[in-house]
Amino acid sequence: MDPRALPPHLVEIAREYADGRRTPSEPRLAATVVLLRDGTAAPGGLEAYLLRRHVGMAFAAGMSVFPGGGVDPRDGELSDELWAGPPVAEWAARLGCSDQEARELVCAAVRETFEESGVLLAGTASSVVGDATGAAWEADRVALESHELSFADFLTRRGLVLRTDLLAGLSGWLTPTFEPKRYRTWFFVAALPAGQVTRDVSTESDQVAWWSVADALAAVGAGEMLMLPPTVVTLAELYDATSTDAALALARALPWAMTEPVFDLESETLVIPERFGAVAARALEQVAAR
């Protein structure tokens, strides 16, 4: 299966945008986190947490994705006192955005990960939360998800700080113009903290699971799993990392870019930069040859 191929209904919509019959929507800022844990110490053995979105969702219906979502306006209210790790300005330089956007995006990345997986990248300046299960944690997670509670208030109430050092910025992807809902999404990488577990809590998905990078790419190649090109490319970029530490180091070393796939009328496929296409093709070939 070619991850660049579009389903027939999207092909027609893409043609309407290309012909000027539709006007692109304004993209919303978003963050997503590739949550990883150690698996087999071999290429493709690293494990990633994937959620399959309900088929009725307005965006990426039926697709397997990483935890993530749009920026909440209150994400930018997180104060420096609740922030541990690289300073905001350093994150802005890495993410290619303003200081305010960096604050919003990093906060959104951690908040959405907690909302959609139950994993919390927070603690004190020298420790990380070891267990985020239980009724009290779940009540806070639900309150965050329903926007009844801001992430800043949640951290303050629990005496925690956001551990930005647990994240690594990897890449950025802008939803193509023909999608009715568009996001300018920053992709982060994080390791599952010791003592924490993922939980099936997302209201936007009908299935969650840990997949080895190799098995996930194999399922995509066989047409058994649906993924958007950015998800495929992201897994492919992490294929050679044999541990979470290696994945974080790789993410921090890769050049930063905000990429927008475009629709090619002749081939009826999405066009992405050659570098990404080559990375995805190589990983899929290695998986197929196993």
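Placed above this text is the structure.
As the structure is a computational prediction, the values presented were derived from the model and not from experiment. (Residues numbered from 1 in each chain as written. Predicted model: local features only at pLDDT ≥ 70, side-chain atom pairs only at ≥ 80, totals over all residues. Heavy atoms only, no water.)

1. Notes on the overall build of the protein
To keep it simple, the criterion reads: Helix and strand definitions follow DSSP, with helices as H or I runs of at least four residues and strands as E runs of at least two, each counted in order from the N terminus. Only protein chains enter the accessibility calculation, which uses a 1.4 Å probe; a residue whose area is less than 20% of its type maximum is buried, one above 50% is exposed, and one in between is partly exposed. Computed with a 1.4 Å probe, the accessible areas rest on the Shrake-Rupley method; for each residue, only the protein chains presented here act as cover.
Each helix and strand in the protein was counted, giving nine helices and 14 strands. Its C-alpha atoms put the protein at 55 × 45 × 35 Å along the principal axes. Counting over 290 residues, the protein shows a buried share of 53%. As displayed, the protein offers around 12,200 Å² of accessible surface, 53% of which is attributable to carbon and sulfur atoms.

2. A short note on helix α6 (residues 213-221)
Looking only at α6, the buried set comprises Val-213, Ala-214, Ala-216, Leu-217, Ala-219 and Val-220. Gly-223 sits one or two positions beyond α6 and adopts a positive phi of about 75 degrees.

3. Section: the side chain of Glu-16
Where we set the bar: Residue contacts are defined here by distance: any two heavy atoms, one from each residue, within 4.5 Å place the two residues in contact.
With respect to the helices and strands, Glu-16 occurs in helix α1 (residues 8-18). Ignoring any residue separated from it by four or fewer positions in sequence, one finds Glu-16 in contact with Arg-21 and Arg-22.

4. Regarding the packing of helix α7 (residues 229-237) against helix α9 (residues 274-288)
Under the convention used in this document: Axis definition: a line fitted to C-alpha atoms, over the contacting stretch in the case of helices. Angles run 0 to 180 degrees between N-to-C directions. Orientation labels follow simple angle bins: below 35 degrees gives roughly parallel, above 145 gives roughly antiparallel, 65 to 115 gives roughly perpendicular, and whatever is left gives oblique. Crossing handedness follows the turn of the near helix against the far one: under a right angle anticlockwise gives a left-handed crossing, and clockwise gives a right-handed one.
It is at 8 Å that the axes of α7 and α9 come closest, and there the two elements cross at 70 degrees. The angle between α7 and α9 places the two elements in the roughly perpendicular class. Relative to α9, the crossing made by α7 is left-handed. Counting all contacts with α7, which are made through Val-232, Val-233, Ala-236 and Glu-237, the residues of α9 involved are Arg-275, Phe-276, Val-279, Ala-280 and Ala-283.

5. Topic: the packing of aromatic side chains
Definition in use: Each pair of aromatic rings taken from Phe, Tyr and Trp, with Trp reduced to its six-membered ring, is defined by centres within 6.5 Å and is described as stacked if the planes are under 30 degrees apart, edge-to-face if over 60, and tilted in the remaining cases. Put simply, a charge is over a ring when the Lys NZ or the Arg CZ is close to the ring centre, within 6 Å, and near the line of the ring normal, within 35 degrees.
According to the stated counting rule, one finds nine aromatic pairs in the structure shown. Seen from their ring centres, Phe-114 and Phe-154 are 5.5 Å apart, and the 20 degrees between their planes marks the pair as stacked. Of this pair, Phe-114 sits in helix α3 (residues 99-117) while Phe-154 sits in helix α5 (residues 151-158), placing them 40 residues apart in sequence. Here Phe-114 and Phe-154 have matching classes, each one buried. With 5.5 Å between their ring centres and 35 degrees between their planes, Phe-151 and Phe-154 make a pair best called tilted. Of this pair, Phe-151 and Phe-154 both sit in helix α5, three residues apart, which is roughly one turn of that helix. Judged by its relative accessible area of 2%, Phe-151 falls in the buried class. Overall, the relative accessible area of 0% leaves Phe-154 in the buried class. Among the aromatic residues, those joined into a ring-pair cluster are Phe-114, Trp-137, Phe-151 and Phe-154. Over the face of the ring belonging to Trp-83 we find Arg-103, whose NZ or CZ atom lies 5.8 Å from the ring centre.

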